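Listed below, chain by chain, are the residues.
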Amino acid sequence: MTTDTTGTAARDGDARRGGPADSPFVRACRREPGPHTPVWFMRQAGRSLPEYREIRANVPMLESCRRPELVTEITLQPVRRHGVDAAILFSDIVVPVAAAGVDLDIVAGTGPVVAEPVRTAEDVERIRPISRDDVSYVDEAVRQLVAELGATPLIGFAGAPFTLASYLVEGGPSRTHAKTKALMYGDPDLWHALCGRLAEVTLAFLRVQIDAGVSAVQLFDSWAGALSEADYRRYVLPHSAHVLAGLADDRSGSPRGDSRAEPERSPGVPRIHFGVGTAELLGAMGEAGADVVGVDWRTPLDVATRRIGPDKAVQGNLDPCVLLAPWPVVEAEVRRILDQGRAAPGHVFNLGHGVLPETDPDVLTRVVALVHELSARPADPRS
Ligand SMILES: Cc1c2[nH]c(c1CCC(=O)O)Cc1[nH]c(c(CCC(=O)O)c1C)Cc1[nH]c(c(CCC(=O)O)c1C)Cc1[nH]c(c(C)c1CCC(=O)O)C2
């Protein structure tokens, strides 16, 4: 195994003393310099890890998300194994929707499946607001994790209204999102009512996580790339913006509109906004109120940075399939991404989407060490 002496030395000599708010990850999100480029992986906790498969062997997915001791253990597994710069809460985007009264399950190999798809005003009415008590297991797990993680930041997350609406309207995963778009175009009032409800559920879920101590949040709009920019702006952006604005503690500024005109003032915990196939939406997703925009592997980070503008950090963007290639290919891609990421005012290294279950976990560990080694910067003499 590679020993990352440079990265460790740089880390120890810098802002680590200060806890998660001064961690390389949070600093990069805030576009502040740090000892190295931070790295974590979407779906870092999951089927690529034998210790995850073992602990999940007899526990259904949703149940595992509702047992704080399991959530804590599964969340910590990739931190211990890989030395990533951030943990992400083990949960799922449909957990708060189930807590809001929607009858659904997560089926292995398929994903979320909804018993009665949402198609009418009555269906929308049945999605009720959630409070802390509906997701007390998340509150508990986050508090436990924050205590155990020490200086390593914990990322909270939720699904954005469009991606959640797609699961609810389709009844399960969909390639075309045809029923979802049919509702969106055919009955805009019902669409906005549905997304409005989902935005409130998402906002409440993220607030619980922030109150319990997460250091950043990621809003997953995984399937927003199915939309044109015009439709994204009209049907989706206002709802995601409502969620992201609701997380900003800075009451003076509205994250909507032309945020490029005013420098940002640390509005609460950093907000990451991510989707797949969003090359045409990157600017709009930033405008929705993100501090960091997640980029998939299709758009080089320097191009993404031009689209997103100079006042936001970027996260990404190694193709998860590259991790299945021989190491020299992985290494060359990591170098290219770090180089292109230098164009951004802040870069969090990640994949362009989640870790594939067939990934060799040792390759992930090597990527973490390589990112740290290649990006190590001399300690700031002022600190
Ligand atoms: C679209 C989406 C879902 N869930 C999520 C998204 C957005 C991210 C993305 O775009 O991938 C978010 C999610 N789901 C899970 C996490 C855990 C945290 C992490 O990133 O490590 C996160 C961040 C656990 C999970 N969520 C799920 C698993 C696999 C279930 C298992 O291990 O049996 C995990 C670890 C199930 C799930 N849940 C969902 C899908 C598509 C699947 C995969 C189905 C499958 O391939 O079996 C819905």
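Residues numbered from 1 in each chain as written. Predicted model: local features only at pLDDT ≥ 70, side-chain atom pairs only at ≥ 80, totals over all residues. Heavy atoms only, no water.

Below, the discussion takes up the pattern of salt bridges. Two side chains carrying opposite charge are able to pair once their charged atoms lie near each other. In the structure shown here, the tally under the stated rule is 18 salt bridges. Note that Arg 81 is salt-bridged to Glu 51, the shortest N-O span being 2.8 Å. Note that Arg 81 is positioned in helix α5 (residues 68–82) and Glu 51 in helix α3 (residues 50–55), a separation of 30 residues in sequence. By relative accessible area, Arg 81 is classed as partly exposed at 28%. Looking at Glu 51, the relative accessible area reads 24%, which means it is partly exposed. The residue Asp 123 makes a salt bridge to Arg 126 at a minimum N-O spacing of 3.3 Å. (Salt bridge = Lys/Arg side-chain N within 4 Å of Asp/Glu carboxyl O. Helix = DSSP H or I, 4+ residues; strand = E, 2+ residues; numbered from the N terminus. Buried < 20%, exposed > 50% of the residue type's maximum accessible area, 1.4 Å probe, protein only.)

On to the site of the ligand. The ligand sits among 26 residues. The nearest are Arg 43, Tyr 52, Gly 109, Ser 222 and His 353. Measuring from an oxygen atom of the ligand, one finds a backbone N or O atom of Arg 43 at 2.6 Å. For the shell around the ligand, the class distribution of residues is 15 nonpolar, 7 polar and 4 charged. (Near = heavy atom within 4 Å. Polar contact = N/O pair within 3.5 Å; in protein donor to acceptor, adjacent residues only side chain to side chain. Nonpolar A, V, L, I, M, F, W, Y, C, P; charged D, E, K, R; others polar.)

Here helix α10 (residues 178–186) has its buried residues at Thr 180, Leu 183 and Met 184. In a view along the axis of α10, the buried residues occupy a sector of 100°, so they form one face of it. Contacts made by the buried residues of α10 are with α9 (161–170), α11 (188–212) and α12 (229–246). (Arc of directions from axis to C-beta. Contact = heavy atoms within 4.5 Å.)

Bringing the UniProt feature "site: Transition state stabilizer" (unreviewed entry) in the protein chain into the picture now. Per the UniProt record, the feature "site: Transition state stabilizer" (unreviewed entry) sits at Asp 92. Inspection of the secondary structure puts Asp 92 in the loop between β1 (87–88) and α6 (95–99). Relative accessible area serves as the criterion here: at 12%, Asp 92 is assigned to the buried category. If we skip the residues at most four places from it in the chain, Asp 92 touches Met 61, Cys 65, Ile 106, Pro 112 and Phe 157. (UniProt positions renumbered as here; feature names shortened; annotations may be inferred.)

Below, the discussion takes up the packing of α10 against α11. How two helices sit against one another is set out by the angle between their axes and by the gap between those axes. Where α10 contacts α11, the two axes come as close as 5 Å, and the packing angle between them is 115°. Here Thr 180, Leu 183, Met 184, Tyr 185 and Gly 186 of α10 lie close against α11, whose contacting residues are Pro 188, Leu 190 and Trp 191. A per-class count over the contact of α10 with α11 returns 6 nonpolar, 2 polar and no charged. (Axes fitted to C-alpha atoms, helices over the stretch in contact; angles between N-to-C directions.)

Moving on, we get to the packing of α11 against α12. Interaxial distance between α11 and α12 falls to 9 Å at its minimum, and their mutual angle equals 25°. Classed by the angle they form, the pair α11 and α12 counts as roughly parallel. Every pair of crossing elements has a handedness; the one defined by α11 and α12 is right-handed. Across the interface between the two elements, Pro 188, Trp 191, His 192, Cys 195, Gly 196, Ala 199, Glu 200, Thr 202, Leu 203, Leu 206 and Arg 207 of α11 pack against Arg 234, Tyr 235, Val 236, His 239, His 242, Val 243 and Gly 246 of α12. Within the contact of α11 with α12, the residues separate by chemical class into 9 nonpolar, 6 polar and 3 charged. (Parallel < 35°, antiparallel > 145°, perpendicular 65-115°, else oblique. Left-handed = near helix turned anticlockwise from the far one by under 90°.)

Remember that side chains alternate between the two faces of the sheet whenever the strand is regular. Taken across its 5 residues, strand β5 (residues 216–220) has 5 buried, putting it largely inside the fold. Because side chains alternate across β5, one face comprises the buried residues Ala 216, Gln 218 and Phe 220, and the other comprises Val 217 and Leu 219, equally buried. In this structure, strand β4 (residues 154–159) lies alongside β5, joined through 5 bridges in parallel fashion. When the bridges of β5 are listed, Ile 155 appears paired with Ala 216. Inspection of the sheet shows β5 paired to strand β6 (residues 271–274) by 4 bridges, in the parallel sense. Directly across from Leu 219, in β6, lies its bridge partner His 273. (Pairing = 2+ DSSP bridges.)

Moving on, we come to the sheet that holds β1. The strands making up a sheet associate through backbone hydrogen bonding, with each pair oriented either parallel or antiparallel. Ordered by their spatial adjacency, 7 strands build an open sheet running β1-β4-β5-β6-β7-β8-β9, and the pairing between neighbours is parallel. The outermost strands of the open sheet, each flanked by one partner alone, are β1 and β9 (347–351). Docked against the sheet, helix α15 (residues 327–341) engages β8 (313–318) and β9, running at close to 150° with respect to β9.

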